[in-house]
Amino acid sequence: MTTKYLFFTGGVVSSVGKGVTAAAMGLLLKERGFKVAVQKLDPYINVDPGTMSPYQHGEVYVLDDGAETDLDLGHYERFIDNRLSRVSNFTTGQVYAETIANERRGDYLGRTIQVIPHITNEIKRRIRLVEKETGAEIVLLEVGGTVGDIESQPFLESLRQLRNEVGRENCLFVHVTWLPTIGATGEIKTKPTQHSVAALRSIGISPNIIIARADQHVEKSLCEKIALFCDVDRDSVIPMTTASVLYEVPLLLEDLGVGELVLTKLGLTAKSKPNMQPWRKLVEDVRKPKPTVKLALVGKYVELQDAYMSVREALKHAAIANEVEVEIGWVHSVDLEKDKGWDVIKNADAILVPGGFGSRGIEGKILAARYARENKVPYLGLCLGMQVMSIDFARGLLNLEDANSSEFDRSTENPVIDLMLDQRSVTDMGGTMRLGLYPCVLQEGTKAAAMYGVAQVDERHRHRFEFNNAYRAEFEKHGMVFSGLSPDGNLVEIVELKDHPYMVASQFHPEFLSRPMKPHPLFMGLLKAAKVKAGK
Ligand code: GLN
């Protein structure tokens, strides 16, 4: 079958759920028996988001092959449940880096290198890699940013060219736009959408489908107005009111007939009948009233919750399966250092310390781990959360008062967390951490092994520092259990406390592999223990 393309562009403002819409549509097509693949194009000049501040970019989502990618790839994996690879995300930075490297090698034989055709050719080459690598029948491609941005123009121009190369009949442009409401009158406005479609058309692209996002219910008459002004078929303006439950989005689209609409427009017929029942059940379960457990999430980027997107989703997944509601109390670790925010910690049925970099707020996180240890509050540490748990343990139980990670104190006498050997010669910060999937052998009889229920797992990593083996024996003597190790036994992957209801932490990021219908065992363990603590 000729590969079909679904191109997603954004109109009016960013953050209206373009990624979630693309992911949900991918699910509807997968459910109809098609092999789908997804790709996100990011217009910024950074080579990847790996070196960007979470405040700028939100979470960095890590794939099996170690690619550090946009958080939308998390949505794709959670909805479609396909394992993605490096080709699924690229940036303007990568496109330019490659083109300039080619130029330096002399590949262009003296020609002038220009946006058209050299940059657009490189963009198209990277887009075509997806079908080559995955054999996908339908590729869903999301362009980051909003139509009208200077930065995304080469991407849109490339899509226009690609449409002519693969044939119009094989492409659909889906424009996801925002309908604002005027507060004083409660009136929903379509004008910004008209302008953004006009901007898209000025570069030669007419949308085939418009997803009209709004916070309010969008009347049919309004959709007809958009259809008229934007020159789109009447049945192709899809009203999408903000869903209270994220995982309801595919159901809303399905019920509006979007799955069939897309197939008809691409000249395809479904190979199988979509079974959305598991998703309906999931959403029903989310809506059922349930007892609440309180979780304190101690981070340093808490002002921007997108920085913890996968952690939050993983908590939701485990909560559904544990039949509880998780109420997250966002605690800024710097506050804990100033004696603030402790009420949230003291009221919590569970404490979670997620990943992070740099020394700001570290002492606050160590204090949170200490509180969990001393007060037997269920605790889950993710990457940095495992490192601070180890530091607290060394300071509190081994009497190593200056114990630290050499990331935060280069001159500590007791670097219980230290730079990995193969990291010592690294000078480039981009893409050089221990990244991606690595095996972890679970030690029998531990809490981690009991939760996983298997002997070995593969988990996704993103770190430079690790547990210092020189301290292993001492830690063990005082009740720390190394419940997950690399197969050669050299790297500590999971630690837990013997004498504690659930204090477990991993050097990897379990949140990246949690799925709505396959909650992650370590998160399951946390909420199970939290439920007991809360007496629910
Ligand atoms: N900064 C720590 C390291 O590099 C932890 C990284 C993380 O939490 N992802 O090892």
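Anyway, here's the lowdown on the structure attached to this text. (Residues numbered from 1 in each chain as written. Predicted model: local features only at pLDDT ≥ 70, side-chain atom pairs only at ≥ 80, totals over all residues. Heavy atoms only, no water.)

## Some remarks on the overall build of the protein
- On a plain count of helices and strands, the protein comes out with 19 helices and 23 strands.
- Whereas a compact globule of 536 residues would reach a radius of gyration of roughly 24 Å, the protein reaches 25 Å, a difference of no more than 12%.
- Within the protein, the proportion of its 536 residues that are buried is 59%.
- A sequence separation of at least 24 residues applies to 73% of the contacts in the protein between residues at least 6 apart.
- Taking the average location of the 64 positive side-chain charges in the protein and that of its 70 negative ones, the two points are 4 Å from each other. (Helix = DSSP H or I, 4+ residues; strand = E, 2+ residues; numbered from the N terminus. Rg over C-alpha atoms; globule rule 2.2 N^0.38 Å. Buried < 20%, exposed > 50% of the residue type's maximum accessible area, 1.4 Å probe, protein only. Contact = heavy atoms within 4.5 Å. Lys, Arg positive; Asp, Glu negative; His and termini not counted. Charge placed at Lys NZ, Arg CZ, Asp CG, Glu CD.)

## Description of the site of the ligand
- Taken together, G355, G356, F357, C383, L384, Q387, E407, R462, H463, R464, F465 and H509 make up the full set of residues adjacent to the ligand.
- Taking R462, its main chain carries an N or O atom lying 2.9 Å from a nitrogen atom of the ligand.
- Contact distances for the ligand include 2.9 Å between an oxygen atom and a backbone N or O atom of F465.
- Across the complex, the protein chains shield 99% of the 290 Å² of accessible surface that the ligand would expose by itself.
- Elements supplying a minimum of two residues to the shell around the ligand: helix 16 (384-397) and strand 19 (456-463).
- Among the residues forming the shell around the ligand, the class breakdown is 4 nonpolar, 5 polar and 3 charged. (Near = heavy atom within 4 Å. Polar contact = N/O pair within 3.5 Å; in protein donor to acceptor, adjacent residues only side chain to side chain. Areas by Shrake-Rupley, 256 points an atom, 1.4 Å probe, with all protein chains shown as cover. Nonpolar A, V, L, I, M, F, W, Y, C, P; charged D, E, K, R; others polar.)

## Focus: the pairing of strand 6 (residues 138-143)
- Among the 6 residues of strand 6, 6 are classified as buried, and the element is accordingly described as predominantly covered.
- Residues I138, L140 and E142 line one face of strand 6 and the alternating positions V139, L141 and V143 line the opposite face, and both faces are buried.
- With 5 bridges joining them, strand 1 (residues 4-10) and strand 6 adopt parallel strand pairing. Paired with Y5 across the strands is V139, a residue of strand 6.
- Two elements, strand 2 (residues 36-42) and strand 6, share 6 bridges in a ladder whose sense is parallel. Among the inter-strand pairings, L41 is bridged to a residue of strand 6, identified as V143. (Pairing = 2+ DSSP bridges.)

## Observations concerning the sheet that holds strand 20 (residues 465-467)
- Strand order in the open sheet made by the 3 strands is 16-17-20, with mixed pairing throughout. Whereas interior strands pair on both sides, the edge strands pair on one side only; in this sheet they are strand 16 (404-405) and strand 20.
- Against the sheet, helix 16 engages strand 16, strand 17 (415-419) and strand 20, with an angle of about 145° to strand 17. (Axes fitted to C-alpha atoms, helices over the stretch in contact; angles between N-to-C directions.)

## Concerning the pairing of strand 10 (residues 209-214)
- When you tally the buried positions in strand 10, you get 6 out of 6 residues, the bulk of the element.
- Side chains I209, I211 and R213 of strand 10 all project onto a buried face; the interleaved residues I210, A212 and A214 project onto the opposite face, where all are buried too.
- As defined by bridge partners, strand 7 (residues 171-178) adjoins strand 10 across 5 bridges and the pair is classed as parallel. Its bridge partner being in strand 10, H175 is matched across the sheet by I210.
- The pairing of strand 10 with strand 11 (residues 237-241) spans 5 bridges and is parallel. Residue pairing for strand 11: R213 is matched across the bridge by M240.
- Assessed by its sense of winding, the connection that carries the chain from strand 10 through helix 8 (residues 220-230) to strand 11 is right-handed. (Right-handed = clockwise from strand over helix to strand, strands pointing away.)

## Observations concerning the state of the cysteines
- Taken as a whole, this structure holds 0 disulfides when the rule is applied.
- Looking at C230, it has no disulfide partner, and the nearest cysteine sulfur is the one in C223, 11 Å off.
- There is no disulfide at C440, and the cysteine sulfur nearest it, in C383, is 13 Å away. (Disulfide = S-S within 2.5 Å.)

## Quick word on the sheet that holds strand 6
- Pairing in this open sheet of 7 strands is parallel, and the strands run 5-2-6-1-7-10-11 from one edge to the other. The open sheet is flanked by strand 5 (89-91) and strand 11, the only strands paired with a single partner. Strand-to-strand twist in this sheet, taken as the mean axis angle between neighbours without regard to direction, amounts to 20°.
- Sheet contacts for helix 4 (residues 92-105): strand 2 and strand 5; angle to strand 5, the most-contacted strand, approximately 70°.
- The sheet contacts of helix 5 (residues 115-134) involve strand 1, strand 2, strand 5 and strand 6, and relative to strand 2 the element is tilted by about 155°.

## Quick look at the packing of aromatic side chains
- Taken as a whole, this structure holds 14 aromatic pairs when the rule is applied.
- Ring centres 5.6 Å apart and planes at 20° place the aromatic pair Y5 and F7 in the stacked group. An identical accessibility class is assigned to Y5 and F7; each is buried.
- Relative to W279, the ring of Y247 has its centre 6.1 Å away and its plane inclined at 45°; by these criteria the two rings are tilted. Note that Y247 is positioned in the loop between strand 11 and helix 9 (249-255) and W279 in helix 11 (residues 277-287), a separation of 32 residues in sequence.
- For Y247, a relative accessible area of 2% puts it in the buried group.
- An aromatic cluster is defined as three or more aromatic residues linked by ring pairs; in this entry it consists of Y55, Y301, Y308 and W330.
- Its end group placed over the ring of Y438, R434 keeps NZ or CZ at 4.2 Å from the ring centre. (Phe/Tyr/Trp six-rings, centres within 6.5 Å; stacked < 30°, edge-to-face > 60°. Lys NZ or Arg CZ within 6 Å of the ring centre and 35° of its normal.)

## Regarding the pattern of salt bridges
- Applying the stated criterion across every chain, the model contains 41 salt bridges.
- The closest approach of N and O atoms between D231 and R201, which form a salt bridge, is 3.9 Å. Of this pair, D231 sits in the loop between helix 8 and strand 11 while R201 is found in helix 7 (residues 191-202), placing the two residues 30 residues apart along the sequence.
- A residue is classified by how much of its surface remains accessible, and R201, at 38% relative accessible area, is partly exposed.
- Bridged by salt links that share partners, the residues D64, E77, D81, R83, R460, R515 and K518 form one connected network. (Salt bridge = Lys/Arg side-chain N within 4 Å of Asp/Glu carboxyl O.)

## Notes on a nonpolar patch on the surface
- A contiguous nonpolar patch, built from Y96, I100, V115 and I116 and spanning about 330 Å² of accessible area, is present on the exposed surface.
- Broken down by secondary-structure element, the contributors of at least two residues to the nonpolar patch are helix 4 and helix 5. (Patch = residues over 30% accessible without salt bridge, like charges linked within 9 Å, V, L, I, M, F, W, Y side chains within 5 Å.)

By themselves these figures say nothing about function.
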